[in-house]
Each structure stands twice: as structure tokens, then as C-alpha cells.
Amino acid sequence: MEKNIAVIWGDCSSPEIVKQTLRVLDKVAEKYGHTFHYTDAAMGGEAIDKYGDPLPQHELDKCLAADSVLLGAVGGPKWEGLPGEQRPEKGLLRLRAGMGLYSNNRPARIWPQLAPASPLKPEIVAKGIDFIIVRELIGGVYFGKHETYTLENGEKQAVDSMPYSEHEIERIGRIGFETAMKRRRKLCCVDKANVLDTSRLWRAVMHRLQAEYPEVEYSEMFVDNCAMQVVKDPSQFDVIVTENMFGDIISDEASMITGSIGMIPSSSLGDGTRGLYEPIHGSAPDIAGKDIVNPTACILSAAMMLRYSFGMTEEADAVENAVNKVLDKGLRTADNMSEGCTCLGCTAMGDAILAEI
Ligand code: IPM
Ligand code: MG
């Protein structure tokens, strides 16, 4: 197969992980007889420096013209003082919206080899951690009205609104049920229905969908309780479906309990097969240029791209198995290092994974 991949190299330590990921994709192409064409697209800090805009239309167009998009991570201290509209994060939000990517899939699965790196007690980890957060990605408070204005008394007031319409809830709710059907058939809708109207509307729409999926064991949980349950007994979850900001928060928490945020990939999809694949971690400015950042989450994101956008199941398995073998050998990076293991840098970890494909 021949595929066009738009590559957003990202900021700070991100180009280091993207570099290793492209080596892995090239190895897959060589081994399985595919051709991958890469087109660089700028978004985030790099785009601000080059064009004064975190995502100019011509760069978004490159992503829309590709079969899929690979992204490292954007942002860093250099751009932190900029006003909201010009920040690197705004580029990311505009990319997600511009590509229509309403469904963000964030797996929280512990690699057994990394169990000692989890901050949870061994008896909790032993029960298993393997769930997916299906996060709504282009609605809610992220895309509502943001306003700061001055009241008559001279005091400033700010407001961020959180709109959700039924069709937005229904399409992500359906992804939640469909994802559960492919797994252990348990779906938990996480919300704040004791306080928010949007959450009550979510529940009403979810109840309608529930009738279409009688095989799925459906439950509901308030987000504050969910934050607690994720550390108390993560084995209870199979699929969580939730709105944009709750998903942002719970997915960071979920990644931490698996031992390292440096291991967690993600996919964002809309109605077609073109997706955006990125690690869930940030651009790690503090370790940029030192060749010590963990490239695994980005490499696993590329594996997700092979699986979900290109239908290359065997190829995706090969990449994931390679990571598994590397962990079996006791090879680690600084972020998930434990006693008795060997600590590799970014390039050396790329070499190690390549050698197993
Ligand atoms: C994430 C990030 C982004 C988000 C930021 C960088 C805007 O935290 O992908 O989880 O909040 O969605
Ligand atoms: Mg986040």
C-alpha cells in the first residue's frame, strides 16, 4: 500500500521522538512492502515562529490532504506569554476541529513489565489496568464562548461556556458503545449530572443509545467519584465515555497509574479513516536536546495509525510486539526506569525497537 502521512514534528523534545517514529515506520514499510510518503506540516510553536500563527490554513490543508497525521507534542516556555489565540495549544485545538476529529481514544493499559513503576499499591495493580477513555474532542467548554469583560463597578469578570448539542453527544456516545462491543462490553458514562445541564442531556442521549446496545453493561458515574475510583480500583473500568474537559483530566490521571505517561499513545478520529495520532504527553521542554526522552508513546501512536487508519493489523501488531520484547529485555528510558533494568536514551530506544521488528 501507498500512504501519505503529514508529519508535525512539534516543539522542544518532540522532534527527537518523531525522528525515531519515522525510522520505525520506514522499517515497517520495508518489511511489509509499503510506501509511506511524508509531508512536513508546521503547527504549534514551530508555526508561530515561522508564520506568526499556530496553524495557518496552508498547514491545515496539508493535513487534510494526507491519509493521516502523525504529531509529536507542541508548546513550551518560549510561547507561554502569548495571548490565548496565538498560543501553540490553540493550533492543536484548531487542527482537531478543522479535521473534524470528535473522538479521542486514550488507552490506559499497564505493561506488566512496568508494574513496579506504577504509583499504585501492587495489590491494586495486580487486579489489572486495561481501559479506554473515549473523550469528546471538539465540543464543550474548549470550544464554547470565552470572554473577559469589565463590570460596571470596574471589576473584571470572565466566562467560559460549555455547549453540547444532541448530535454531538450521540456521535461520541455511539463510539463509546461500539468500542465497548469490541472489548469487555462495559461502558461507563462519566459526567457531573448532579450539577450540569450538559451532563443531564448527555445522560438522556446515552439512555436512547443504550436501547440499541442491550449487550453492553452501561453505568454512569460523577466525574469526581471517577477520579477517586481510577486510583482505588481501576480494574472496574473497560470503556469510559466523557466530555472534552473531563476526558482531559481523567486521561492524565489514568496515564500516571500505568507507570509512565511516556508509554501512552492516542488516536483522534472523525467520520472517516483519516486520523491524528499523538502521544498523550507534552513536549518535555526540560529534557529537550538531551536524547533522553522516551520515544515509545509516539511509536505506539504510529502503530495505532497503522491499525485504525490504514487497516494494517499485522504491521501494528509487529510494532507493539517489538515494544513488548524490548521491555521484556529490561530496556527502559529514564521516565520508567526501575532497579535491575538498563536505561537507554531516545535514539538507543529507537534502535532497540527497530531491531525487534
Ligand atoms: C491534551 C492536552 C491538550 C488538551 C492541551 C495541550 C490543549 O492537554 O491533549 O490532553 O487539553 O486537550
Ligand atoms: Mg491533557
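Residues numbered from 1 in each chain as written. Chains lettered and ligands numbered in written order. Predicted model: local features only at pLDDT ≥ 70, side-chain atom pairs only at ≥ 80, totals over all residues. Heavy atoms only, no water.

### Some thoughts on the site of ligand 1
Right, on to step 1. Taken together, the neighbourhood of ligand 1 is formed by E89, R96, R106, R135, Y142 and D248.
Right, on to step 2. Within the side chain of R135, a nitrogen or oxygen atom sits 2.8 Å from an oxygen atom of ligand 1.
Right, on to step 3. Residue Y142 places a side-chain N or O atom 2.6 Å away from an oxygen atom belonging to ligand 1.
Right, on to step 4. The fraction of the free accessible surface of ligand 1 (320 Å²) that becomes covered by protein chains is 75%.
Right, on to step 5. For the shell around ligand 1, the per-class residue count stands at one nonpolar, no polar and five charged.
Right, on to step 6. Each of domain 1 (1-107 + 261-357) and domain 2 (119-257) contributes no fewer than three residues to the shell around ligand 1. (Near = heavy atom within 4 Å. Polar contact = N/O pair within 3.5 Å; in protein donor to acceptor, adjacent residues only side chain to side chain. Areas by Shrake-Rupley, 256 points an atom, 1.4 Å probe, with all protein chains shown as cover. Nonpolar A, V, L, I, M, F, W, Y, C, P; charged D, E, K, R; others polar. Domains from an automatic or database assignment.)

### A word on helix 1 (residues 14-32)
Right, on to step 1. In a regular helix each residue adds 1.5 Å, so 19 residues correspond to 27 Å; helix 1 covers 27 Å between its end C-alpha atoms and thus fits that length.
Right, on to step 2. The complete set of buried residues in helix 1 reads S14, E16, I17, V18, Q20, T21, L22, V24, L25, V28 and A29.
Right, on to step 3. Of the residues one or two after helix 1, G33 is the one with positive phi, at around 70 degrees. (Helix = DSSP H or I, 4+ residues; strand = E, 2+ residues; numbered from the N terminus. Expected span 1.5 Å × (residues − 1). Buried < 20%, exposed > 50% of the residue type's maximum accessible area, 1.4 Å probe, protein only.)

### Remarks on the side chain of S103
Right, on to step 1. Position of S103 among the secondary structure elements: in strand 4 (residues 103-109).
Right, on to step 2. Each residue touching S103, except ones within four places of it in the same chain, is listed here: V134, R135, L137, I172, I175, S267, S268 and L269. (Contact = heavy atoms within 4.5 Å.)

### Overview of the domain arrangement of the protein
Right, on to step 1. We note that the domain assignment places domain 1 (1-107 + 261-357) and domain 2 (119-257) within the protein.
Right, on to step 2. Computed over C-alpha atoms, the centres of domain 1 and domain 2 are 24 Å apart.
Right, on to step 3. In this complex, domain 1 contributes 15 residues to the contact, which on the side of domain 2 involves 17 residues.
Right, on to step 4. With both sides pooled, the region where domain 1 packs onto domain 2 buries about 1,500 Å², and carbon together with sulfur makes up 62% of that total.
Right, on to step 5. For the pair domain 1 and domain 2, the interface holds zero salt bridges.
Right, on to step 6. Between domain 1 and domain 2 we count four residue pairs in polar contact (both at pLDDT 80 or more) in total.
Right, on to step 7. Residue assignment for the side of domain 1 that touches domain 2 shows that the elements contributing at least two residues are helix 4 (88-98) and strand 4.
Right, on to step 8. By residue number, the principal contributor to the side of domain 1 that touches domain 2 is strand 4, which donates five residues.
Right, on to step 9. Each residue belonging to the side of domain 1 that touches domain 2 can be placed in one class, and the counts come to eight nonpolar, five polar and two charged. (Buried area = accessible area lost by both parts, 1.4 Å probe. Salt bridge = Lys/Arg side-chain N within 4 Å of Asp/Glu carboxyl O.)

### Some words on the sheet that holds strand 12 (residues 275-279)
Whenever strands of a sheet pair, they do so through backbone hydrogen bonds, lying parallel or antiparallel.
Right, on to step 1. The strand order 2-1-3-12-11-4-5-10-8-9 describes an open sheet built from 10 strands, whose pairing is mixed. Among the strands making up the open sheet, the edge pair consists of strand 2 (35-40) and strand 9 (217-222). Direction aside, neighbouring strands of the sheet carry axes that sit 25 degrees apart on average.
Right, on to step 2. Pairing of strand 4 with strand 5 (residues 130-136) involves seven bridges; the strand directions are antiparallel. Its bridge partner being in strand 5, P107 is matched across the sheet by I132.
Right, on to step 3. On the sheet, helix 6 (residues 166-181) packs against strand 4, strand 5, strand 8 (186-191), strand 9 and strand 10 (239-242) and is oriented at approximately 165 degrees with respect to strand 5. (Pairing = 2+ DSSP bridges. Axes fitted to C-alpha atoms, helices over the stretch in contact; angles between N-to-C directions.)

### A closer look at the nonpolar core
Right, on to step 1. In terms of nonpolar packing, the biggest core is built from 41 residues, with I5, F36, L70, L306, V319 and I353 touching the most fellow members.
Right, on to step 2. Elements that contribute at least two residues to this core include exactly strand 1 (2-8), helix 1, helix 10 (296-308), helix 11 (313-328) and helix 12 (346-355).
Right, on to step 3. The greatest single-element share of this core, amounting to eight residues, is contributed by helix 10.
Right, on to step 4. If we skip the residues at most four places from it in the chain, F36 touches K3, I5, L25, A29, L306, F310 and M312. (Core = buried A, V, L, I, M, F, W, Y, C linked by side-chain atoms within 4.5 Å.)

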